[in-house]
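# What the coordinates show
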Amino acid sequence: MEKSIGTIHTLAVGMPKELNYSNGRSMITGIEKQEVQEVYLGKSGFEGDDVADKKHHGGPDRAVCLYPAEHYIQWEQELGKKLPTATFGENLTVTNMLEADVCIGDTYKIGNAVIQITQGRIPCSTIDRYAKADILLKRLIETGYTGYLARVLIEGTISADSTIELIERHPAGISVLYCNEVYYKNNDVGAMKNIQAVDALALDWQQKLEKKIQSLQSRVGK
C-alpha cells in the first residue's frame, strides 16, 4: 500500500561543465545542478542531467542521486557557511528519508516515476572542491551521511512539489547507513555477504564488497 513518506526539498539537474578550484586548477564535472520545477526521469536518468566520470558515476543502477536535506544544517554549522543548492550533486534533496531509514531495494513513487534504492553514495573529492571545504568528504564517510542512489523502474515526470510515496520496503531491511558502516568502518565479512545477498544491490557495490571480502580472507589465510 502506498503512503506519503518524504517530500522534495530541491529538484535539480545539470550537465557536465568546467569547475575551477584551488590554485587555478579545473576539472569537468556534473556536480553543479540547477533547480528546476519539473523534469522527465528516464531509465538512464533525468533529462538535462549527466555525469562526466562515467566509470565512477551514472549508469542504470545510479540513475538518480538523493541526499537528505536534514544533513545540510549540520554541515553548514560545521563549516560555518551556507552551502550551494544540491552541494552533493544530488538530483533530489529530500526530507524525512535519512540513510538510517532507507533500505537497499526499497521502492518509491515520485510523481509518475518509480525508483528503487540500489546503494549508498560513494563520495569523491569533487564534493570538497565544489563546496570549497576540504573536510566535507572525510565527514561524509565518518558519519555515513553519504546520500544514496537509485535505479528507475518506471519512467515518468517529477515535479518539485511531487510527494514521495513508499511502495514497498525490501524484506531484507538493510539500511543505507548500515551498508556505509560496514563498507567504511567494519571488517565483518559476514555482514558484507549479507549486504551482497540483497538482490537489488547495485552491481558496482557487489563488486566492491567482493574485493573487500577477498582481501580480508586472504589476510586471514596468511
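Presented here is an overview of the structure given in this document. (Residues numbered from 1 in each chain as written. Predicted model: local features only at pLDDT ≥ 70, side-chain atom pairs only at ≥ 80, totals over all residues. Heavy atoms only, no water.)

### Brief notes about the nonpolar core
If you look at the biggest cluster of nonpolar residues, it comprises 42 residues, and the most contacted ones within it are Phe46, Val64, Leu66, Leu92, Tyr108, Ile115 and Ile117. Among all residues touching Ile117, those that are not within four sequence positions of it are Leu66, Val102, Cys103, Ile104, Gly105, Asp106, Tyr108, Tyr148, Leu149, Ala150, Val176 and Ala200. The next biggest cluster of nonpolar side chains, apart from the first, holds ten residues, and it includes Tyr72, Ile127, Ala131 and Leu140. (Core = buried A, V, L, I, M, F, W, Y, C linked by side-chain atoms within 4.5 Å. Buried < 20%, exposed > 50% of the residue type's maximum accessible area, 1.4 Å probe, protein only. Contact = heavy atoms within 4.5 Å.)

### Structural notes on the environment of Ser159
With respect to the secondary-structure elements, Ser159 resides in strand β12 (residues 156-159). Separated by 120 residues in the primary sequence, Ser159 and Val39 have C-alpha atoms spaced 6.6 Å apart. When sequence neighbours within four positions are dropped, the list of residues in contact with Ser159 reads Ile8, Leu11, Gln37 and Glu38. (Helix = DSSP H or I, 4+ residues; strand = E, 2+ residues; numbered from the N terminus.)

### A word on the pattern of salt bridges
Tallied over the entire structure, the rule returns seven salt bridges. As a salt-bridge pair, Glu78 and Arg139 come within 2.8 Å of each other at their nearest N and O atoms. Highlighted residues: Glu78 in helix α1 (residues 70-79) and Arg139 in helix α3 (residues 136-143), separated in sequence by 61 residues. With relative accessibility at 36%, the residue Glu78 sits in the partly exposed group. Between Arg139 and Glu142 there is a salt bridge, with the nearest N and O atoms lying 2.8 Å from each other. On the criterion of helical spacing, the pair formed by Arg139 and Glu142 is a turn pair, its members being three residues apart in helix α3. Among the residues examined, Glu142 registers a relative accessible area of 35% and is labelled partly exposed. (Salt bridge = Lys/Arg side-chain N within 4 Å of Asp/Glu carboxyl O.)

### Describing the sheet that holds β12
Read across the sheet, three strands follow the order β6-β5-β12 without closing on themselves; strand pairing throughout is antiparallel. Each having just a single partner strand, β6 (45-46) and β12 make up the two edges of the open sheet. (Pairing = 2+ DSSP bridges.)

### Brief notes about the packing of aromatic side chains
One pass over the full model with this rule turns up six aromatic pairs. The interplanar angle of 85° and the centroid separation of 6.0 Å between the aromatic rings of Tyr67 and Tyr72 together place this pair among those described as edge-to-face. For the residue pair Tyr67 and Tyr72, the accessibility class agrees, reading buried in each case. When the centroid spacing of 4.9 Å and the interplanar angle of 90° are considered together, the rings of Tyr183 and Tyr184 count as edge-to-face. Overall, the relative accessible area of 23% leaves Tyr184 in the partly exposed class. (Phe/Tyr/Trp six-rings, centres within 6.5 Å; stacked < 30°, edge-to-face > 60°.)

### Let's talk about helix α5 (residues 189-196)
Owing to its 3.6 residues per turn, the α-helix brings residues three or four apart onto one side. Val189, Ala191, Met192 and Ile195 are the residues of α5 that are buried. The buried side chains of α5 occupy one side of the element, clustering within an arc of 160° when seen end-on. With a side-chain oxygen lying 2.9 Å from the backbone nitrogen of Gly190, the N-terminal cap of α5 falls on Asp188. (Arc of directions from axis to C-beta. Polar contact = N/O pair within 3.5 Å; in protein donor to acceptor, adjacent residues only side chain to side chain.)

### Examining α3
Those residues of α3 lying buried are Leu136, Leu137, Arg139, Leu140 and Thr143. Looking straight down α3, one finds that the buried residues subtend no more than 165° of arc, so they occupy a single side. Contacts from the buried residues of α3 go to β7 (64-68), α1, α2 (126-131) and α4 (176-185). Following α3 by one or two positions, Gly144 has its phi on the positive side, about 80°.

### Section: the environment of Gly173
You can see Gly173 is positioned in the loop between β13 (163-168) and α4. What makes Gly173 partly exposed here is its relative accessible area of 47%. Along the sequence, Gly173 and Val102 sit 71 residues apart, while their C-alpha atoms lie 8.6 Å from each other.

### Some details on the packing of α4 against α5
Contact geometry of α4 with α5 gives a least axis separation of 10 Å together with a crossing angle of 135°. Relative to α5, α4 is oriented oblique. In the crossing of α4 with α5, the sense of the turn from one axis to the other is left-handed. Facing Tyr178, Cys179 and Val182 of α4, the residues of α5 in contact are Ala191, Met192 and Ile195. When grouped by side-chain class, the residues that make up the contact of α4 with α5 number six nonpolar, no polar and no charged. (Axes fitted to C-alpha atoms, helices over the stretch in contact; angles between N-to-C directions. Parallel < 35°, antiparallel > 145°, perpendicular 65-115°, else oblique. Left-handed = near helix turned anticlockwise from the far one by under 90°. Nonpolar A, V, L, I, M, F, W, Y, C, P; charged D, E, K, R; others polar.)

### Side note on the pairing of strand β9 (residues 107-110)
The sheet contact formed by β9 and strand β10 (residues 113-120) spans four bridges and is antiparallel. Residue pairing in the sheet places Lys109 in a bridge with Val114 of β10. Where β9 hands over to β10, the hairpin turn is made up of two residues, of which Gly111 adopts a positive phi near 60°. As paired elements, β9 and β13 share four bridges and run antiparallel to each other. Pairing of Ile110 across the sheet is with Ile164, part of β13.

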